[in-house]
Amino acid sequence: MNKTALREAAVGCLAFLLVLALAGTAMAQDSRQMVVQKVEAMKGDLLQMSEWLYRNPESGHKETQAVEMLTGYLKKKGWQVETGLNKIADSWEPILEKAWKMKTLPTVFKATYPGQEGGPTIAFLVEYDALRGPGGKAFHGCQHNMQGPIGIGAAVALAEVMKARKIPGRLVVWGTPAEEIPPPVKAIMYDSGCFKEVDAAIMFHGGDRTTYRKAGPSGMALDAFEFVFKGKPSHASSKPWEGKSALDAVILMFNGIDALREHSEPGTRMHGVITDGGAAPNIVPERAATVWFIRHFQRPYLDMQVKRVMDIVKGAALMTGTEVTITPQGRYDNRIHVETLERLAFQYAKQYGAADPEEADPCPETTAGSTDFGTVSFNIPSLELRVKSARAGCPGHSQEFADASVSELGKSALVVAAKVEASVALDLLTQPDLLARIKKEHALLKGK
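This is a predicted model, so every value here is computed, not measured.

Engineer: How should I be thinking about the packing of aromatic side chains in this particular structure?
Structural biologist: Two aromatic rings, taken as a pair, are described by how far apart their centres are and by the angle between their planes. Enumeration according to the criterion identifies seven aromatic pairs in this entry. Taking 5.7 Å as the distance between ring centres and 20 degrees as the angle between the ring planes, the aromatic pair formed by Phe 109 and Tyr 128 counts as stacked. Of this pair, Phe 109 sits in strand β2 (residues 105-113) while Tyr 128 sits in the loop between β3 (116-126) and β4 (131-132), placing them 19 residues apart in sequence. Each of the two residues, Phe 109 as well as Tyr 128, counts as buried. The interplanar angle of 50 degrees and the centroid separation of 4.9 Å between the aromatic rings of Tyr 212 and Phe 346 together place this pair among those described as tilted. Of this pair, Tyr 212 sits in the loop between β7 (200-207) and β8 (216-218) while Phe 346 sits in helix α11 (residues 339-351), and the two are 134 residues apart along the sequence.

Right under this line is the structure:
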């Protein structure tokens, strides 16, 4: 895939698309103004929700109060709400049960505004789980307390405009819990069919910049595995030759992966920990276990890299005469950014007063983590809106970042972001050519 050609094609049609989206007909401008006014009218409610979530943080899969509060607001606005995801894709059932002793996802929710027949389906994705801090105390160090109010505010405002203007289409707010902990809930939801009718997905994430991303991938695709080696115990002093050390297998696996690093692309990350190294030094370890994350910026290369790691694992077992059990713990895809969609949102962010807007960096990201939103954006044209909600350089996953969400900057960012999300979704609903172009760019970037 020629990324330069794709980027030139996207930039070539950019001026036309932005004129189409930001100018439009008089009716489109009137609808957009109405959306902005409705978000402004809800500002007090949205800020109150964010403050409440900030003061009542709940970690992944425990967000019962958050779900009750957010869905309660949607019900009062006339939305159809379903709570819990009871049918999990077969491939994820054993992983979820092993990780969390769960067979369902009780803190998922789906809120639907059916709208009129015809038109696309736009999904607003919201997160509300908090990080697990020191001593197990939860805190909103990733500003997820803002995401629910932003997505809900945008969706409710847009639904009211759709009803008043008789705009066809369908809106869905998906509540997506436990983003901060594996296994990846959005990937489970995708494989379980939650987003199968969605034409485009929109969400917000806090940060220290107002910007957008260039066309292409970002973030890291990730595969997580647990490897459990089983050997044969024996006395480590009197007859060690009768034993088969599971710990030796783990150590050989570590050494093999270290050797593989030299022959891996710079974008590769492979990091693991030993979770069980044996019971005592005078016993040849019968059991040893290790958990690994294997990452790369592009899914195809990661898939190849995983195969190489598996060969190393099998080799370690063969060299030590042990057996190995391999348990997948989660799969994250890298994000795909459609520049037309990114730039459209950035223009609205500037128009609505987002703090310190900056043009995107000319070079792609070279360091990044992994997120379960990657699976959504890899498969569906998606926007992860970035509006500055903390000071430049403020570290993510910190108490300072959490506190910034309820500062004046954070409050302003919340209202701006809700307006941007609603305006972008309105354009996708009312401009079929724009949505078609975005889908085409996404398919090219994915490699179809």
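What follows continues from the structure just given.
Engineer: Is there a simple way to think about the pairing of strand β14 (residues 382-388) in this case?
Structural biologist: Walk down a regular strand and you will see the side chains alternate between the two sheet faces. Burial analysis of β14 places seven of its seven residues in the buried class, which makes it a mostly covered element. Residues of β14 alternate between two faces, with Ser 382, Glu 384, Arg 386 and Lys 388 on one and Leu 383, Leu 385 and Val 387 on the opposite face, all of them buried.

Engineer: Before we go on, may I ask you to explain unusual backbone geometry in this structure?
Structural biologist: Following Pro 182, the chain continues to Pro 183 via a peptide bond in cis, the omega torsion being 0 degrees. Positionally, Pro 183 belongs in the loop between β6 (168-175) and α8 (185-191). Its identity as a non-glycine residue notwithstanding, His 61 has a phi of 70 degrees, on the positive side. Among the structural elements, His 61 can be located in the loop between α4 (43-55) and α5 (64-76). A positive phi angle, near 55 degrees, is found at Lys 166, a position not held by glycine.

Procedures and definitions
Residues numbered from 1 in each chain as written. Predicted model: local features only at pLDDT ≥ 70, side-chain atom pairs only at ≥ 80, totals over all residues. Heavy atoms only, no water. Phe/Tyr/Trp six-rings, centres within 6.5 Å; stacked < 30°, edge-to-face > 60°. Helix = DSSP H or I, 4+ residues; strand = E, 2+ residues; numbered from the N terminus. Buried < 20%, exposed > 50% of the residue type's maximum accessible area, 1.4 Å probe, protein only.

Structural measurements only, silent on function.
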